[in-house]
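# Coordinate analysis (summary)
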Amino acid sequence: MPHTLLATDQTETPDDQILGKDWAGEFQLLCTTYASDDVVLQARVPGTTTWHNTRFNGQEITLTTVGDVLDVRLVRDYEYRLTTANAGAEVHIAKHNVHG
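First things first, this report covers the structure right here in the doc.

The rules we used
Each chain carries its own residue numbering, running from 1 in the direction its sequence is written. For a predicted model such as this one, the threshold for reporting local features is a pLDDT of at least 70, and the threshold for listing and counting side-chain atom pairs is 80 or more; totals across whole chains, interfaces and linings nevertheless cover every residue. Based on all heavy atoms of the structure, the side-chain values leave hydrogens and waters out of the count. Pairing of aromatic rings covers Phe, Tyr and the six-membered ring of Trp, with a centre-to-centre limit of 6.5 Å; geometry is then stacked below 30 degrees between planes, edge-to-face above 60, and tilted otherwise. Think of it in three bands: residues with accessible area under 20% of the maximum for their type are buried, residues over 50% are exposed, and the middle band is partly exposed, with areas taken using a 1.4 Å probe on protein chains only. In this scheme, strands are said to pair when DSSP sees at least two bridges between them. Secondary structure elements are defined from DSSP: runs of H or I of at least 4 residues count as helices, runs of E of at least 2 residues count as strands, and each element is numbered from the N terminus. Axis definition: a line fitted to C-alpha atoms, limited for helices to the stretch in contact. Angles are taken between N-to-C directions and run from 0 to 180 degrees. In what follows, salt bridge is the name for a side-chain nitrogen of Lys or Arg lying within 4 Å of a carboxyl oxygen of Asp or Glu. In what follows, a contact means two residues having at least one pair of non-hydrogen atoms within 4.5 Å.

Applying the stated criterion across every chain, the model contains one aromatic pair. Judged by centre distance (5.4 Å) and plane angle (45°), the rings of Trp 23 and Phe 27 are tilted. Accessibility expressed as a relative area gives 22% for Trp 23, which makes it partly exposed. Judged by its relative accessible area of 3%, Phe 27 is buried.

The strands that make up a sheet are held in pairs by hydrogen bonds between backbone atoms, and each pair lies either parallel or antiparallel. With respect to topology, four strands assemble into an open sheet ordered S1-S10-S2-S8, the strand pairing being antiparallel. This sheet does not close on itself; its edge strands, each paired only once, are strand S1 (3–6) and strand S8 (69–74). For this sheet, the mean angle separating the axes of adjacent strands, direction not counted, is 35°. Relative to strand S10 (residues 90–95), S1 runs antiparallel, the two sharing three bridges. Each residue of the ladder has a partner; that of Leu 6, found in S10, is Val 91.

Scanning all chains against the criterion turns up three salt bridges. One salt bridge connects Arg 81 with Glu 12, and the closest N-O pair in it is separated by 3.3 Å. A residue pair is termed long-range when its members are at least 10 positions apart, and Arg 81 in strand S9 (residues 79–83) and Glu 12 in the loop between S1 and strand S2 (25–33) qualify at 69 residues. Using a relative accessible area of 10% as the deciding quantity, one classes Arg 81 as buried. A residue is classified by how much of its surface remains accessible, and Glu 12, at 33% relative accessible area, is partly exposed. Notably, a salt bridge pairs Arg 73 with Glu 26, separated by 2.7 Å at the nearest N-O pair. Of this pair, Arg 73 sits in strand S8 while Glu 26 sits in strand S2, and the two are 47 residues apart along the sequence. On the basis of relative accessible area, Arg 73 is assigned to the exposed category, the value being 61%.

In this structure, Val 66 sits in the loop between strand S7 (62–63) and S8. For the pair Val 66 and Thr 32, spaced 34 residues apart in sequence, the C-alpha to C-alpha distance is 5.2 Å. For Val 66, the contacting residues outside a window of four places in its chain are Cys 31, Thr 32, Thr 33 and Tyr 34.

Following this line, the structure appears as C-alpha cells:
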C-alpha cells in the first residue's frame with residue numbers, strides 16, 4: 001500500500017514521516033498532485049541536521065508534474081525526505097518488490 005510522503009498542505013516531509021532504516025530497498029515515488037514548485041528529494045546522515053538535495057548525473061532529482069514517477073534505491077544508513085518551496089504537491093511512495 002502506498003505511503004504519503006508529502007501532502008498538499010506541506011512544504012516538506014514531516015519529521016515523523018522521514019524515511020529511515022526501515023525504508024531500505026527499491027521504491028517508486030509518484031506525484032499525484034502538483035502545484036507550481038519542483039519537489040526535491042533530499043538525504044542526510046542520521047543524527048545530523050543538514051539536508052542535501054540529491055543529484056543523479058549532475059541533475060537534481062525532482063518531480064515536476066502530475067504523473068511523474070521516480071524509481072529510487074534507498075539505503076539503510078541515510079534518511080530521506082521531500083521538500084518544495086510552496087505547499088500544493090502530493091507524492092506517494094511504494095515498494096517495488098512487496099515480497100522482498
